[in-house]
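Tertiary structure, described
The chain contents come next:
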Amino acid sequence: NAGVTQTPKFQVLKTGQSMTLQCAQDMNHNSMYWYRQDPGMGLRLIYYSASEGTTDKGEVPNGYNVSRLNKREFSLRLESAAPSQTSVYFCASSAPGDVQETQYFGPGTRLLVL
Amino acid sequence: AQSVAQPEDQVNVAEGNPLTVKCTYSVSGNPYLFWYVQYPNRGLQFLLKYITGDNLVKGSYGFEAEFNKSQTSFHLKKPSALVSDSALYFCAVRDYTGGFKTIFGAGTRLFVKA
């Protein structure tokens, strides 16, 4: 099992450009999440999807959109990138019914917006 | 609202000495608490969790954590630190208000000196 995979690993954008971050998991998990990690701020939830066909806003959703394409894939889109979106983005998944709700994380995407 | 605090940005310890990484939490109900570790350029990895039962929880790589309800703390401990334990550690609490989300602390960087 590959676990949670993310593409690309690194991306440089100019202000105003758009891009989509891809995430896939092969653990048959229902729930998937997108976080951003900034120094001194820990991980902040952008969006999550409790199950296929549903998405909900997290703590910092402004400037982002998501698509739960199917049970395996959960993408994050920046329509018009801004320097404030420079960050490391992590995708995660978990299995409801797992009482402890442990999350499994991808390796991350480093995004630099100039 | 649920929250978690890690009061130390950085903890320094000599190899072979015991280590403690502190975490306090605020929840309205029973807490579901987690510790995750992040090695450089990697995603977060699950270490251990407290759901119910014994206040001393044992996890991966020789780590353990002590749940203290009266002090609302969940400190991470290891009897003998290794240089390879140097990493970024995150405490997290499960948020059941308005959805299934995990709230992460800001992280504590652990340096173990040989």
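Report on the accompanying structure. (Residues numbered from 1 in each chain as written. Chains lettered and ligands numbered in written order. Predicted model: local features only at pLDDT ≥ 70, side-chain atom pairs only at ≥ 80, totals over all residues. Heavy atoms only, no water.)

Some remarks on the pattern of salt bridges
- This structure, assessed with the given rule, holds six salt bridges over all chains.
- In this structure, A:D38 engages A:R44 in a salt bridge whose closest nitrogen and oxygen atoms are separated by 2.8 Å. Summarising the burial analysis for this pair, A:D38 and A:R44 share the class buried.
- The partner of B:D85 in a salt bridge is B:K78, with the nearest N and O atoms 2.8 Å apart. (Salt bridge = Lys/Arg side-chain N within 4 Å of Asp/Glu carboxyl O. Buried < 20%, exposed > 50% of the residue type's maximum accessible area, 1.4 Å probe, protein only.)

Brief notes about the state of the cysteines
Residue and element names in this part refer to chain A.
- In total, this model carries two disulfides over all chains according to the counting rule given.
- Paired by a disulfide, C23 and C91 hold their sulfur atoms 1.9 Å apart. Its S-S torsion of approximately -75 degrees makes the covalent link between C23 and C91 left-handed. With C23 in strand β3 (residues 19–25) and C91 in strand β9 (residues 87–94), this pair connects stretches of sequence that are 68 residues apart.
- A relative accessible area of 3% places C23 in the buried class. (Disulfide = S-S within 2.5 Å. Helix = DSSP H or I, 4+ residues; strand = E, 2+ residues; numbered from the N terminus.)

Side note on the interface of chain A and chain B
- Each partner contributes residues to the interface: chain A has 20 residues there, and chain B has 23 residues.
- Around 1,600 Å² of area is buried between chain A and chain B when both sides are counted, 54% of it from carbon and sulfur atoms.
- Inspection of the chain A/chain B interface yields zero salt bridges.
- Our enumeration of links across chain A and chain B arrives at five residue pairs in polar contact (both at pLDDT 80 or more).
- Elements supplying a minimum of two residues to the side of chain A that touches chain B: β4 (31–38) and β5 (42–49) of chain A.
- Among the residues making up the side of chain A that touches chain B, the classes are represented as ten nonpolar, seven polar and three charged. (Contact = heavy atoms within 4.5 Å. Buried area = accessible area lost by both parts, 1.4 Å probe. Polar contact = N/O pair within 3.5 Å; in protein donor to acceptor, adjacent residues only side chain to side chain. Nonpolar A, V, L, I, M, F, W, Y, C, P; charged D, E, K, R; others polar.)

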